[in-house]
Amino acid sequence: MGKDLDDIPLSGITRIRDLMYTVPDPFRLDQGDVSFDAPESVRAAIARAVAEGHTHYLPTTGLPKLRDLLAHKARHRNRLRVESPDEILVTNGGIHGLYLLCQALLEPGDEVLAPDPQWPPAITNILTARGVPVRYPLHASRGWRVDHAELASLVTPRTRAIYVNSPNNPTGGVLTREDLEAIAALARERNLWVISDEAYEDILFDDAEHVSLGSLDGMYPRTLSVFTFSKSYAMTGLRFGYLVVKDARLRERLTKLLFLTTSNVSSVIQHGAIGGLQGSQAIIEQFRVELEARRNLFYEGLPAASGGLFEGQPPKGAFYAFLKIAPGWSPREAGTVSRSWAMTEMLIKDGRIGCIPGVDFGQRGEDHVRFCFARERTELAGALAAMRGVFSGRL
Ligand code: PMP
């Protein structure tokens with residue numbers, strides 16, 4: 001890549017981090033991390049692996065026993081027609097899986113349809129593989145879902161793949177089975193790959209249902225599924241994810257890239273993942289129930305805290321409040337280019353409340369701010385109280 005990398009932005013997250021360092025006792029609603037720790041099943045398995053000396057090189061694509069367990073999970077929980085554990089490739093978290101996929105799949109100039117707004121690394125990974133992201137809008141008025149005719153109209157002879165992320169970061173939108181059927185039909189009709197990023201597969205609220213794209217009729221061979229333990233098992237820092245890929249040629253390329261980028265994912269973390277899969281899965285539901293309570297707490301307090309300056313429905317999935325800034329609010333400094341940056345900086349500097357400007361997720365995110373509500377209830381309550389202070393001084 002060399003100097004091409006100079007032109008690829010690292011997203012506003014670094015600027016936010018710098019800003020957060022300038023405030024004492026901040027409310028960390030900016031980063032997408034849960035406040036839970038990994039379950040005992042994972043931690044005990046890691047400790048055991050260390051004690052037993054599992055400190056050596058492993059097969060590049062992952063421990064056979066782990067791939068067996070993941071193949072079983074993908075078959076039963078995601079309804080993917082996995083025939084062999086060879087179809088599973090263990091990665092250093094979802095972001096690594098996405099990087100490998102883009103590198104293995106794309107030729108320079110290949111277009112990839114991707115949502116706007118969207119978690120920035122999905123876009124930068126396409127750019128880093130010299131692909132061209134073509135953004136398709138997610139519509140707030142439709143629960144941040146896609147308009148199928150609009151999506152179809154963006155396909156050109158250069159389109160190689162559609163990147164889909166449901167539940168979505170930052171919007172919390174969850175695509176319905178009908179949405180996914182329409183995307184699948186388009187992919188089949190136009191012979192496209194689908195990259196299905198299912199990082200938030202277990203974080204669903206109300207009546208929402210998670211459907212894996214690769215489980216739909218005829219879709220498994222053309223779907224490249226990205227999974228991670230970061231959210232489901234509260235393992236963000238441990239770094240564990242995996243890809244499910246049917247196509248043998250792509251798998252060979254992915255194996256080369258895996259070898260070159262990591263040789264193998266950390267042995268002790270792979271043992272931890274085995275522990276997680278063999279332990280009780282009830283923990284996933286416990287996390288989900290607590291996240292739903294935190295979502296409700298945040299949204300119930302929001303109207304009073306913000307004086308009605310933030311608008312938006314509680315999301316059906318993931319753990320972000322992606323809120324629209326009401327038209328009535330204007331930045332203190334005249335001539336400000338981005339309202340979402342102005343709002344973010346004010347909340348951080350005046351309220352110690354970490355958040356991310358919506359424009360960082362794409363042009364359609366402008367005028368929005370993202371808050372992560374996966375924090376402790378006390379931290380959420382503190383952030384709401386601080387927000388009330390910021391806005392009551394200004395109203
Ligand atoms: N996809 C999406 C949409 C995400 O939001 C994230 C993490 N924030 C990931 C993938 C990757 O997570 P990780 O690398 O921690 O597995």
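Worth saying up front: this structure is predicted, and the values here are computed from it rather than measured.

1. A look at the overall build of the chain
For the chain, the helix and strand inventory stands at 12 helices and 12 strands. Taken over C-alpha atoms, the radius of gyration comes to 21 Å for the chain, in line with the 21 Å a tight globule of 395 residues would show. Projecting the C-alpha coordinates of the chain onto the three principal axes gives extents of approximately 60 × 55 × 45 Å. Each of the 395 residues in the chain was classed as buried or not, and the buried ones make up 49%. Across the chain, contacts joining residues at least 24 apart in sequence account for 75% of those joining residues at least 6 apart.

2. With respect to the domain arrangement of the chain
Parsing the chain into structural domains produces domain 1 (2-37 + 283-392) and domain 2 (40-278). Taken together, the contact between domain 1 and domain 2 spans 29 residues of the former and 30 residues of the latter. Contributions of two or more residues to the side of domain 1 that touches domain 2 are made by α10 (282-306) and β10 (320-325). A total of 6 residues in the side of domain 1 that touches domain 2 trace back to one element, the largest contributor, which is α10.

3. Some details on the nonpolar core
Leu 101, Tyr 163, Val 194, Ile 195 and Leu 243 are the most contacted members of the largest nonpolar core, which has 113 residues in total. Take this core: its biggest share by element is 8 residues, from helix α4 (residues 94-105). Composition of this core by domain shows at least three residues from each of domain 1 (2-37 + 283-392) and domain 2 (40-278). Those residues in contact with Ile 195 that sit more than four places away from it in its chain are Leu 101, Ala 161, Tyr 163, Val 164, Leu 224 and Val 226.

4. Concerning unusual backbone geometry
Cis geometry is adopted by the peptide bond preceding Pro 117, which originates at Asp 116 and carries an omega value of 5°. Residue placement: Pro 117 occurs in the loop between β2 (111-116) and α5 (120-128). Cis peptide bonds are those with omega within 30 degrees of zero, and the linkage from Ser 166 to Pro 167 qualifies with -10°. Structurally, Pro 167 can be placed in the loop between β5 (159-165) and α7 (177-189). One non-glycine residue, Ser 263, adopts positive backbone phi at about 65°. Looking at the secondary structure, you find Ser 263 in the loop between α8 (248-262) and α9 (267-278). Although it is not a glycine, Ala 318 sits at a positive phi angle of roughly 55°. Examined against the element boundaries, Ala 318 turns out to sit in the loop between β9 (310-311) and β10. On the basis of neighbour count, Ala 318 is assigned to the buried category, with 29 C-beta atoms found within 10 Å.

5. Here we look at the environment of Ala 47
Of note, Ala 47 is situated in helix α2 (residues 40-51). Here the alpha-carbon distance between Ala 47 and Ile 269, two residues 222 residues apart in the chain, equals 9.9 Å.

6. With respect to the site of the ligand
Around the ligand lies a shell of 13 residues, among which Gly 93, Gly 94, Ile 95, Thr 228 and Ser 230 are the nearest. In terms of residue class, the shell around the ligand is made up of 3 nonpolar, 9 polar and 1 charged.

7. Looking at the pairing of β10
The buried fraction of β10 is high, at 5 of 6 residues. As paired strands, β9 and β10 are joined by 2 bridges and run antiparallel to one another. Of the residues in β10, the one forming a bridge with Phe 310 is Ile 325. Both β10 and strand β12 (residues 368-372) contribute to a ladder of 5 bridges, which runs antiparallel. What sits directly across from Lys 324, in β12, is His 368.

8. Examining the sheet that holds strand β8 (residues 241-244)
A sheet is described by the order of its strands in space; here 8 strands give the open sequence β1-β8-β7-β6-β5-β2-β3-β4, paired in mixed fashion. Every interior strand has two partners, whereas the edge strands, β1 (88-91) and β4 (145-146), have only one. As judged from the 4 bridges shared by strand β6 (residues 193-197) and strand β7 (residues 223-228), these two strands associate in the parallel manner. The partner of Val 194 across the bridge, within β7, is Thr 223. In the packing of helix α3 (residues 64-76) onto the sheet, the strands contacted are β1 and β8, and the crossing angle to β1 comes to about 115°.

9. What to know about the environment of Ala 114
Checked against the element boundaries, Ala 114 lands in strand β2. Judged by local crowding, Ala 114 falls into the buried class, with 25 C-beta atoms found within 10 Å. A C-alpha to C-alpha distance of 6.2 Å links Ala 114 and Pro 133, two positions 19 residues apart in sequence. Setting aside chain neighbours within four positions, we find Ala 114 in contact with Ala 122, Ile 123, Ile 126, Pro 133, Arg 135 and Tyr 163.

10. Thoughts on the packing of α4 against α8
The geometry of α4 relative to α8 is characterised by a closest axis approach of 9 Å and an angle of 125° between their N-to-C directions. Classified by the interaxial angle, the pair formed by α4 and α8 is oblique. Relative to α8, α4 is oriented so that their crossing is right-handed. Contact residues: α4 offers Leu 100, Gln 103, Ala 104 and Leu 105, while α8 offers Leu 250, Arg 253, Leu 254, Leu 257 and Leu 258. Residues belonging to the contact of α4 with α8 are distributed by class as follows: 7 nonpolar, 1 polar and 1 charged.

Cut-offs applied
- Residues numbered from 1 in each chain as written.
- Predicted model: local features only at pLDDT ≥ 70, side-chain atom pairs only at ≥ 80, totals over all residues.
- Helix = DSSP H or I, 4+ residues; strand = E, 2+ residues; numbered from the N terminus.
- Rg over C-alpha atoms; globule rule 2.2 N^0.38 Å.
- Buried ≥ 20, exposed ≤ 12 C-beta atoms within 10 Å, placed from the backbone.
- Contact = placed C-beta atoms within 7 Å.
- Domains from an automatic or database assignment.
- Core = buried A, V, L, I, M, F, W, Y, C linked by C-beta atoms within 7 Å.
- Near = placed C-beta within 6 Å.
- Nonpolar A, V, L, I, M, F, W, Y, C, P; charged D, E, K, R; others polar.
- Pairing = 2+ DSSP bridges.
- Axes fitted to C-alpha atoms, helices over the stretch in contact; angles between N-to-C directions.
- Parallel < 35°, antiparallel > 145°, perpendicular 65-115°, else oblique.
- Left-handed = near helix turned anticlockwise from the far one by under 90°.

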